[in-house]
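Structural overview for review
Here are the chains, one letter per residue:
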Amino acid sequence: DAGITQSPRHKVTETGTPVTLRCHQTENHRYMYWYRQDPGHGLRLIHYSYGVKDTDKGEVSDGYSVSRSKTEDFLLTLESATSSQTSVYFCAISGGGNSPLHFGNGTRLTVT
Amino acid sequence: GQQVMQIPQYQHVQEGEDFTTYCNSSTTLSNIQWYKQRPGGHPVFLIQLVKSGEVKKQKRLTFQFGEAKKNSSLHITATQTTDVGTYFCAPMEYGNKLVFGAGTILRVKS
């Protein structure tokens, strides 16, 4: 598997608390993505990054923010977690130019 | 953005039977990728199709891209229990964004 690590792997948090998920890569890839996966919805793109400090919204970006201060790290923040954000979150990386995505092992987030 | 419909949502087959999942778009696609996700795992890239009418094979898996580049299919011949998982199609959008279909869950009875 590509050098991509997500942390934490599991997290339980309460409604209204801030949460930050981290994605770290050792491949020096330009593109990084955050997806959420829910039953019946497949993988939905939250935000993505095409370079340091260059990010853009995906199809389900409301309630989420991201930051990329270094090539290797892409952070996903839920400013005030809600129960609807209970999901499995996947980070992915790509070299761009139609290159395939390589996914991390995912973070299972439960908001109670 | 581009939307793709993937059918069926779910298929349960007897080991040795064939399986096909279809991916349909209302717009012309520049290219499409296919991924497989084992239960409890993460999606793994299988293949990319770029050319109109393209057909690619990987052992028992056959991937096709339609002539109009609006649909694609994945066919598995003689399924095995190792084929269990969810298969996703994913067209590439402008800006290097990959938009995934809802996936087809395959279960194989031995």
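Residues numbered from 1 in each chain as written. Chains lettered and ligands numbered in written order. Predicted model: local features only at pLDDT ≥ 70, side-chain atom pairs only at ≥ 80, totals over all residues. Heavy atoms only, no water.

**Remarks on the overall build of chain A**
Counting its secondary structure elements, chain A contains 0 helices and 11 strands. The order of helices and strands in chain A, counted from the N terminus, is β-β-β-β-β-β-β-β-β-β-β. For 112 residues, the compact-globule estimate of 2.2 N^0.38 gives 13 Å, and the C-alpha radius of gyration of chain A, at 13 Å, lies within 12% of that figure. Over its C-alpha atoms, taken along the principal directions, chain A stretches across nearly 40 × 30 × 25 Å. Residue burial in chain A is summarised as follows: out of 112 residues, 46% are buried. Sequence separation of 24 or more characterises 54% of the internal contacts of chain A that already satisfy a separation of 6 or more. Accessible surface for chain A amounts to roughly 5,200 Å². Of this, 45% is attributable to carbon and sulfur atoms. With 11 positive and 11 negative side-chain charges, chain A shows a spacing of 2 Å between the two charge centroids. (Helix = DSSP H or I, 4+ residues; strand = E, 2+ residues; numbered from the N terminus. Rg over C-alpha atoms; globule rule 2.2 N^0.38 Å. Buried < 20%, exposed > 50% of the residue type's maximum accessible area, 1.4 Å probe, protein only. Contact = heavy atoms within 4.5 Å. Areas by Shrake-Rupley, 256 points an atom, 1.4 Å probe, with all protein chains shown as cover. Lys, Arg positive; Asp, Glu negative; His and termini not counted. Charge placed at Lys NZ, Arg CZ, Asp CG, Glu CD.)

**Remarks on the nonpolar core**
Counting 20 residues, the largest nonpolar core has Ile32, Trp34 and Phe63 of chain B as its most contacted members. Contributing elements (two or more residues each) for this core: β3 (19-25), β4 (32-37), β5 (44-49), β7 (61-65), β8 (71-76), β9 (85-93) and β11 (104-109) of chain B. Of all hydrophobic cores here, the second largest spans 19 residues; its members include Leu76, Leu78, Cys91 and Val111 of chain A. (Core = buried A, V, L, I, M, F, W, Y, C linked by side-chain atoms within 4.5 Å.)

**Re the state of the cysteines**
Counted by the stated rule, this structure contains 2 disulfides over all chains. Each disulfide pairs two cysteine sulfurs, and for Cys23 of chain A the partner residue is Cys91 of chain A, the sulfurs being separated by 1.9 Å. Residues Cys23 of chain A and Cys91 of chain A are joined by a disulfide whose S-S torsion is about -75 degrees; by sign, that bridge is left-handed. Of this pair, Cys23 of chain A sits in strand β3 (residues 19-25) while Cys91 of chain A is found in strand β9 (residues 87-94), placing the two residues 68 residues apart along the sequence. A single burial state applies to Cys23 of chain A and to Cys91 of chain A, both of which are buried. The side chain of Cys23 of chain B participates in a disulfide bridge whose partner is Cys89 of chain B; the two sulfur atoms lie 1.9 Å from each other. A torsion of 65 degrees about the S-S bond marks the disulfide between Cys23 of chain B and Cys89 of chain B as right-handed. A residue pair is termed long-range when its members are at least 10 positions apart, and Cys23 of chain B in strand β3 and Cys89 of chain B in strand β9 qualify at 66 residues. For the residue pair Cys23 of chain B and Cys89 of chain B, the accessibility class agrees, reading buried in each case. (Disulfide = S-S within 2.5 Å.)

**Here we look at the packing of aromatic side chains**
One pass over the full model with this rule turns up 15 aromatic pairs over all chains. Plain terms: the ring middles of Phe103 of chain A and Phe100 of chain B are 6.0 Å apart, the flat faces sit at 75 degrees to each other, and that makes the pair edge-to-face. Within this pair, whereas Phe103 of chain A is found in strand β10 (residues 102-103), its partner Phe100 of chain B is found in the loop between β10 (97-98) and β11, the two belonging to separate chains. Phe100 of chain B carries the same exposure label as Phe103 of chain A, and that label is buried. (Phe/Tyr/Trp six-rings, centres within 6.5 Å; stacked < 30°, edge-to-face > 60°.)

**Regarding the pattern of salt bridges**
Considering all chains together, one arrives at 6 salt bridges over all chains under this definition. One salt bridge in this structure joins Asp83 of chain B and Arg60 of chain B, with 2.9 Å as the shortest N-O distance. One end of the pair, Asp83 of chain B, is in the loop between β8 and β9; the other, Arg60 of chain B, is in the loop between β6 (55-58) and β7, and 23 residues separate them in sequence. Via salt bridges that share partners, Arg22, Lys70 and Asp73 of chain A belong to a single interconnected network. (Salt bridge = Lys/Arg side-chain N within 4 Å of Asp/Glu carboxyl O.)

**Considering the side chain of Thr13 of chain A**
Residues and elements named next belong to chain A. Assignment of secondary structure puts Thr13 in strand β2 (residues 10-13). You can call Thr13 buried: its relative accessible area is 9%. Sequence-distant contacts of Thr13, that is, excluding residues within four places in its chain, are made with Val19, Ala81, Leu109, Thr110, Val111 and Thr112.

The values are spatial; any link to function lies outside them.
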